Amino acid sequence: MDVDTRLLRYFVAVAEEGSLTRAAERLYVSQPALTKQIRQLEAGLGADLFTRSRTGMTLTEPGRALAERAPALLAGWERALRETRSAASRAARVLRVGFIASAANEATQPIIAEFARRRPGWRAEMRQAAWSNPSAGLADADVDVALVRLPFPGQDALRVTVLFSEPRCVVLPESHPFAAREVITFRDLRDEPFVAAPPDTGRWREYWLATDERDGHPVRVGAVTEQPDDWLSAIANGYGIALAPESAARFYTRPGVVHRPVTGVSPSSVGVAWAPADDDNPVVQDFVRCCRERRVAT
């Protein structure tokens, strides 16, 4: 069978952690989603890879055989993929820049302009990613560098420099009873249905649902979306409310939706991220320097 490398990455995490719970936390995915992926891999291989018990996940003999080979396979494939795509970008003199939502807000265009000045003949190709891909394509080597919102899945395996932080706000339908308030306390929102990112985005989804600020209060999900337009439509149609960066009031608005300051939640941080393999890539590092200089300038 042709095995999805994502399934192998999930398998390796469970094998190393010996626990679905710990592996799910490490991968920033939900435990049910991880369980489904492991079962899919086992079905494809026609073998049980783990013995499941209350104490955790123990490798079977077929599982041990795969665990011995999988890390090297993944490392080799990821290195080949990144080198091939990087070579193609260099040949075309294009730097692929992934980004989420509004990227680095108003700093984005000055960063791109400074990169063009620093690298004549090169072009920064901006590639917007869905919220189901919060590393903006960097984890899969689809881009060379990314402007991201923290936290995001897999960030510990990448280089990340925080550029700035901004408060979060709450986005509501204009007909909502709280829309008339000037400032809203998050505690008053905990029973509201929320518009959420897909479950397999793990910690990213949890951050925008403010699970750490709920004191164990359960989350109500009214709708799941992957794109800003769908997100705004779900809010306007009354399926739920959502937390967003304060800048969303400038970049993402539409009739029927209002943005209000919210207290009781942590701020949102924007960073520039790249792969450790590109620490010595002069083009990538030029872009990172442009981002850092813009951070200092602001």
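Look up a bit, the structure's there.
What counts, and at which threshold
Residues numbered from 1 in each chain as written. Predicted model: local features only at pLDDT ≥ 70, side-chain atom pairs only at ≥ 80, totals over all residues. Heavy atoms only, no water. Buried < 20%, exposed > 50% of the residue type's maximum accessible area, 1.4 Å probe, protein only. Helix = DSSP H or I, 4+ residues; strand = E, 2+ residues; numbered from the N terminus. Arc of directions from axis to C-beta. Contact = heavy atoms within 4.5 Å. Pairing = 2+ DSSP bridges. Axes fitted to C-alpha atoms, helices over the stretch in contact; angles between N-to-C directions. Parallel < 35°, antiparallel > 145°, perpendicular 65-115°, else oblique. Nonpolar A, V, L, I, M, F, W, Y, C, P; charged D, E, K, R; others polar. Phe/Tyr/Trp six-rings, centres within 6.5 Å; stacked < 30°, edge-to-face > 60°. Lys NZ or Arg CZ within 6 Å of the ring centre and 35° of its normal. Core = buried A, V, L, I, M, F, W, Y, C linked by side-chain atoms within 4.5 Å. Polar contact = N/O pair within 3.5 Å; in protein donor to acceptor, adjacent residues only side chain to side chain. Left-handed = near helix turned anticlockwise from the far one by under 90°.

What follows is about helix H7 (residues 228–236). For H7, the complete set of buried residues consists of Pro-228, Trp-231, Leu-232, Ala-234 and Ile-235. For H7, the angular spread of buried residues about the axis comes to 160 degrees, placing them on one side. Looking at the buried side of H7, the elements it contacts are strand E4 (123–129), strand E7 (168–173), strand E9 (193–196), strand E10 (220–224), strand E11 (242–245) and strand E12 (257–263). In the segment just after H7, Gly-238 is the residue with positive phi, at about 85 degrees.

Take the sheet that holds strand E6 (residues 159–166) next. With mixed pairing, five strands are arranged side by side in an open sheet as E4-E3-E5-E13-E6. Here the strands that pair on one side only, and so sit at the sheet edges, are E4 and E6. The mean angle between the axes of side-by-side strands here comes to 25 degrees, regardless of whether they run parallel or antiparallel. Across seven bridges, E6 lies against strand E13 (residues 268–274) in antiparallel orientation. From the neighbouring strand, Ser-165 faces E13, where its bridge partner is Ser-269. Helix-sheet contacts for helix H5 (residues 108–118) involve strand E3 (94–100) and E4, and the interaxial angle to E4 is about 150 degrees.

Contact geometry of helix H2 (residues 20–27) with helix H3 (residues 31–45) gives a least axis separation of 9 Å together with a crossing angle of 105 degrees. The angle between the axes of H2 and H3 places the two elements in the roughly perpendicular class. Each of Leu-20, Thr-21, Ala-23, Ala-24 and Leu-27 in H2 lies in contact with H3, whose residues at this interface are Gln-31, Leu-34 and Thr-35. For the contact of H2 with H3, the per-class residue count stands at five nonpolar, three polar and no charged.

For the coordinates displayed, the defined rule picks out six aromatic pairs. When the centroid spacing of 5.4 Å and the interplanar angle of 85 degrees are considered together, the rings of Trp-131 and Trp-231 count as edge-to-face. One end of the pair, Trp-131, is in the loop between E4 and strand E5 (145–150); the other, Trp-231, is in helix H7, with 100 residues separating them in the sequence. The class for Trp-231 is buried, based on a relative accessible area of 6%. One aromatic cluster is present, built from ring pairs that chain together Trp-204, Tyr-207 and Trp-208. When the ring centre of Tyr-207 is taken as origin, the NZ or CZ atom of Arg-168, which lies over that ring, is 3.9 Å away. Across from the ring centre of Phe-194, 4.9 Å away, lies the NZ or CZ of Arg-214, which sits over that ring.

Residues Val-170, Phe-186, Leu-189, Trp-231 and Leu-243 are the most contacted members of the largest nonpolar core, which totals 47 residues. Mapped by element, the contributors of at least two residues to this core are E5, E7, E9, helix H6 (203–208), H7, E11 and E12. Those residues in contact with Val-170 that sit more than four places away from it in its chain are Ile-184, Leu-189, Ile-241, Ala-242, Leu-243, Val-258, His-259, Arg-260 and Val-262. Counting 23 residues, the second largest nonpolar core, distinct from the first, contains Phe-115, Trp-122, Val-284 and Cys-290.

It is worth spelling out the side chain of Arg-96 at this point. By the secondary structure assignment, Arg-96 is in strand E3. Overall, Arg-96 belongs to the buried group, its relative accessible area being 7%. At a separation of 3.1 Å, a polar atom in the side chain of Arg-96 contacts the main-chain carbonyl oxygen of Asp-142. At 2.7 Å, the side chain of Arg-96 and the side chain of Asp-144 are in polar contact.

Turning next to the packing of helix H1 (residues 5–17) against H2. Axis separation between H1 and H2 bottoms out at 8 Å; the angle between their running directions is 130 degrees. It follows from the interaxial angle that H1 and H2 lie oblique. Classified by chirality, the crossing of H2 by H1 is right-handed. Taken together, the residues of H2 that come into contact with H1 (itself represented by Tyr-10, Ala-13, Val-14, Glu-16 and Glu-17) are Leu-20, Arg-22, Ala-23, Arg-26 and Leu-27. Class assignment of the residues belonging to the contact of H1 with H2 gives a composition of six nonpolar, no polar and four charged.

What the four strands build is an open sheet, ordered E8-E12-E7-E11; its pairing is mixed. Each edge of the open sheet is held by one strand with a lone partner, namely strand E8 (184–185) and E11. Summarising the sheet, E7 and E11 pair through four bridges and their orientation is antiparallel. Paired with Val-171 across the two strands is Ala-242, which belongs to E11. In this fold H7 packs onto E7, E11 and E12, with an angle of close to 55 degrees to the strand it touches most, E7.

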